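This is what each chain is made of:
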Amino acid sequence: MGENTTTAIEYQNVYKRFKDADYYAVNNVDLTINEGEFITILGSSGSGKTTLLKMTNRLYDPDSGSITLFGENIQQADVVQVRRKIGYVIQQVGLLPHMTIARNIGIVPRLLKWDKERIDARARELLALVGLEPDTFIKRYPSQLSGGQQQRVGLARALAVDPKVMLLDEPFGAIDAINRLNLQDELKRLHGGLKKTFLFVTHDINEALKLGTRVIVMNNGQVCQFDTPANIVRNPADGFVESLIHSCREQEKLWEGLA
Amino acid sequence: MQETWAAIALYFENHTDAYFAMLRQHIGISLRVLFLAVLIGVSMGILCVVFKKQQKYVVGLFQILRIVPSLAVLVLSIRFLGIGMGPAVTALVFLAVPPILMNTVAGLEEVPFFMLETSHAMGMTPFQVWVQVRLPLALPLMLAGIKTAMVEIVASATIAALIGAGGLGQIIFQGLSVRRTDLLLIGGVSVAILALLMAFLIDLLERWSLKHKYA
Amino acid sequence: MEFFDFAQRNSSLLIRALNEHLQMVLIALALSVLLAGALTVVAMFFRRAGKILNYVFSIVYSIPSIALFALMIPVMGLGRTTAITVLVFYNQFILLRNFITGLSEVDPAIVEASTGMGMTRTQVIFTVRVPLSLKAIFVGIRLALVSTISIAVIAAFIGAGGIGLLVTIGLETGNNNRVLWGVVLSAGLTIITNAILVFIEKRVAFTK
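A short tour of the structure in this document, coming up. (Residues numbered from 1 in each chain as written. Chains lettered and ligands numbered in written order. Predicted model: local features only at pLDDT ≥ 70, side-chain atom pairs only at ≥ 80, totals over all residues. Heavy atoms only, no water.)

What to know about the state of the cysteines
Residue and element names in this part refer to chain A.
Next, step 1: For the structure on display, the rule yields 0 disulfides over all chains.
Next, step 2: With no disulfide of its own, C224 has C248 as its nearest cysteine by sulfur position, at a separation of 16 Å.
Next, step 3: The exposure class of C224 is buried, given its relative accessible area of 18%.
Next, step 4: With relative accessibility at 11%, the residue C248 sits in the buried group. (Disulfide = S-S within 2.5 Å. Buried < 20%, exposed > 50% of the residue type's maximum accessible area, 1.4 Å probe, protein only.)

Structure, rendered in structure tokens:
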């Protein structure tokens, strides 16, 4: 880390328990994320990774503790304003089926009352950025696109007003293996060029280690380890992380045996 | 057969004005009822989705109202509201609201949760999520309900001639009481075409609202 | 209460109306199910035929009943036969839609497995598809029954008798009680029939 790092997101003693649950979905999470990092959050279902992500743009509110975004406590800020500054991408994409690709990308710009030419130019620029030919795609409807193409549009839409932070919840979870590898590479390239802070939730350890500049490993609502991929592989912090690495190695052996 | 054709031709020669007056009446009452029923059905549907706890009772009530024979509803309105245009409109609205209300509820509930959540996450206000996402996505089902209601309205408006609503039903009932084939055919065909035409128009709207699925 | 006195004095009238109504409805329903069953089998063999039938009957279904009754009189005359014919026509839309969707939505893996075991197409329909879609078939019959009870009330205008006759004669003679009993019986019959069938639908496990 350089010396002039700015703190992008800070979680302080964050707890979250859902109604009717007798356990904490997120249990005392304390993390500091710097601007420009690509953070992957790795965990199995029920680990609390998605809950942590959704508290960052206030889809959920913590029971206690605080979350700050560039120094501002988001609990005290206007929820709509907070969300407009954060890009959000999910596995199901969530493109609005009754709007063309251009209109989907333009949703937040329209909310911010940009003029038409600016929105159109931005949509074209973003489509090119995510690797889709603007003239071909701009007037289509989501149903005319493949899953991978839809997720590219989902990315473009989240980037529309140039948010400083991007939240991605298993964005490539429903995409076949080959396309997923392509998308991972492009996301990494995008991150390199944009100087944004990415928070990327996944249950795929390979994906987490490949994409993250640092990786958060979560289990039962708690953070087991928060470190660079190399350190996590070399020095697993506890038995859970160790078993994750181990299971991954086992798979590797299978490959070696077949080769 | 030839006699009947001659009688029909004669009817149109002598009663052109009366026929078109009844047609206008029929369309007029149907559109008025449709307007009111859409207004009531859609807003009640939205309320049902917002106030989930009460939804069961409201929908259950309208489900019962939906299967009560239309003649019973029309006749009851005479008993309580008297004869004439007002009671007829009220009775028809009662018959037309259920399909609209139930399809509005179904359409709004069918919108996947993640789509609402991403819309919120993009920074839409709750009102914007309703107007830009939830209602437009529920529109095709709402229109299907409106089509069912429209057919029901045209049909019941025909019978409402009995309670002073005027319209094409008068021709059919006159034909029944004096046993005149020409009147039965004129009335029956007119009402049938009117119902099909109205349903067809709403069908077009429904297709337009689904354009993103076929595009 | 004058309303109940009327029923006491005219109990045979009410019972006869109810009886006539039920007879008309049940005959219409039986014929409807037979016809729809046969058409469904045809539709299972020729998909196109199924689509055409569905389209044609959806148009018939959109024609107001009083108009269809009026149009049938010149062909078939007044009376119960005409009424039953019209009711059978209306039911085809409801029944075919439920039957065909039900039979088509049986898990394709089961159908494939049965075909793989050497069943003919006809055997697949009767020994696999029909037993597995009993619920859809039952729902279709319930909807048809309720709709038939309701439309049969209007059939009184073409001399088919039944509960509707209480209303039409009551309106003509200004007999309020007779009209009200017509309303109560017709509404009660649809609501109760529907409730009983919904209850059965929820209680019975349709697949063994």
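Let's talk about the sheet that holds strand β3 (residues 38–42) of chain A
Residues and elements named next belong to chain A.
Next, step 1: Read across the open sheet, the 6 strands follow the order β6-β7-β8-β3-β9-β10; overall the sheet is mixed. Each edge of the open sheet carries a strand with a single partner, namely β6 (86–90) and β10 (222–227). Mean inter-strand twist for the sheet, computed between neighbouring axes without regard to direction, equals 15°.
Next, step 2: Sheet analysis places β3 next to strand β8 (residues 197–202), joined by 5 bridges and oriented parallel. Paired with L42 across the two strands is T202, which belongs to β8.
Next, step 3: Each of β3, β9 (214–219) and β10 touches helix α11 (residues 239–258); the most contacted strand, β9, lies at about 110° to it. (Pairing = 2+ DSSP bridges. Helix = DSSP H or I, 4+ residues; strand = E, 2+ residues; numbered from the N terminus. Axes fitted to C-alpha atoms, helices over the stretch in contact; angles between N-to-C directions. Contact = heavy atoms within 4.5 Å.)

Side note on a nonpolar patch on the surface
All names here are of chain C.
Next, step 1: A cluster of nonpolar residues, I192, I196, F199, I200 and V204, forms a patch on the protein surface that exposes about 440 Å² of accessible area.
Next, step 2: With respect to the element layout, I192 can be found in helix α10 (residues 176–203).
Next, step 3: With a relative accessible area of 52%, I192 lands in the exposed category. (Patch = residues over 30% accessible without salt bridge, like charges linked within 9 Å, V, L, I, M, F, W, Y side chains within 5 Å. Areas by Shrake-Rupley, 256 points an atom, 1.4 Å probe, with all protein chains shown as cover. Salt bridge = Lys/Arg side-chain N within 4 Å of Asp/Glu carboxyl O.)

A short note on the interface of chain B and chain C
Next, step 1: Of the residues lining the interface, 30 residues belong to chain B; the matching set on chain C comes to 28 residues.
Next, step 2: In total, about 2,500 Å² of surface goes out of reach between chain B and chain C, with carbon and sulfur atoms giving 87% of it.
Next, step 3: Here chain B is connected to chain C by 0 salt bridges.
Next, step 4: At the boundary of chain B with chain C, the tally comes to 0 residue pairs in polar contact (both at pLDDT 80 or more).
Next, step 5: Elements that contribute at least two residues to the side of chain B that touches chain C include exactly α2 (52–67), α3 (70–81), α6 (126–159), α7 (169–178) and α8 (181–209) of chain B.
Next, step 6: For the side of chain B that touches chain C, the element with the highest residue contribution is α8 of chain B, accounting for 9 residues.
Next, step 7: Its residues assigned to classes, the side of chain B that touches chain C shows 24 nonpolar, 4 polar and 2 charged. (Buried area = accessible area lost by both parts, 1.4 Å probe. Polar contact = N/O pair within 3.5 Å; in protein donor to acceptor, adjacent residues only side chain to side chain. Nonpolar A, V, L, I, M, F, W, Y, C, P; charged D, E, K, R; others polar.)

Observations concerning helix α7 (residues 147–158) of chain A
Residues and elements named next belong to chain A.
Next, step 1: Compared with the 16 Å implied by 1.5 Å per residue over 12 residues, the 17 Å span of α7 between its first and last C-alpha is a close match.
Next, step 2: In terms of burial, α7 is a largely internal element, 9 of the 12 residues being buried.
Next, step 3: Every buried residue of α7 is listed here: G148, Q151, R152, V153, G154, L155, A156, R157 and A158. (Expected span 1.5 Å × (residues − 1).)

Digging into the interface of chain B and chain A
Next, step 1: On the chain A side, the residues contacting the 20 residues of chain B number 24 residues.
Next, step 2: The interface formed by chain B and chain A includes 1 salt bridge.
Next, step 3: The salt bridge partner of E117 of chain B is K54 of chain A, with a shortest N-O separation of 2.8 Å.
Next, step 4: Linking chain B with chain A are 4 residue pairs in polar contact (both at pLDDT 80 or more), by the criterion used here.
Next, step 5: Secondary structure elements with two or more residues in the side of chain B that touches chain A: α5 (113–121), α6 and α9 (211–214) of chain B.
Next, step 6: Here the side of chain B that touches chain A is built from residues that sort into 9 nonpolar, 8 polar and 3 charged.

Keep in mind these numbers describe shape, not what the thing actually does.
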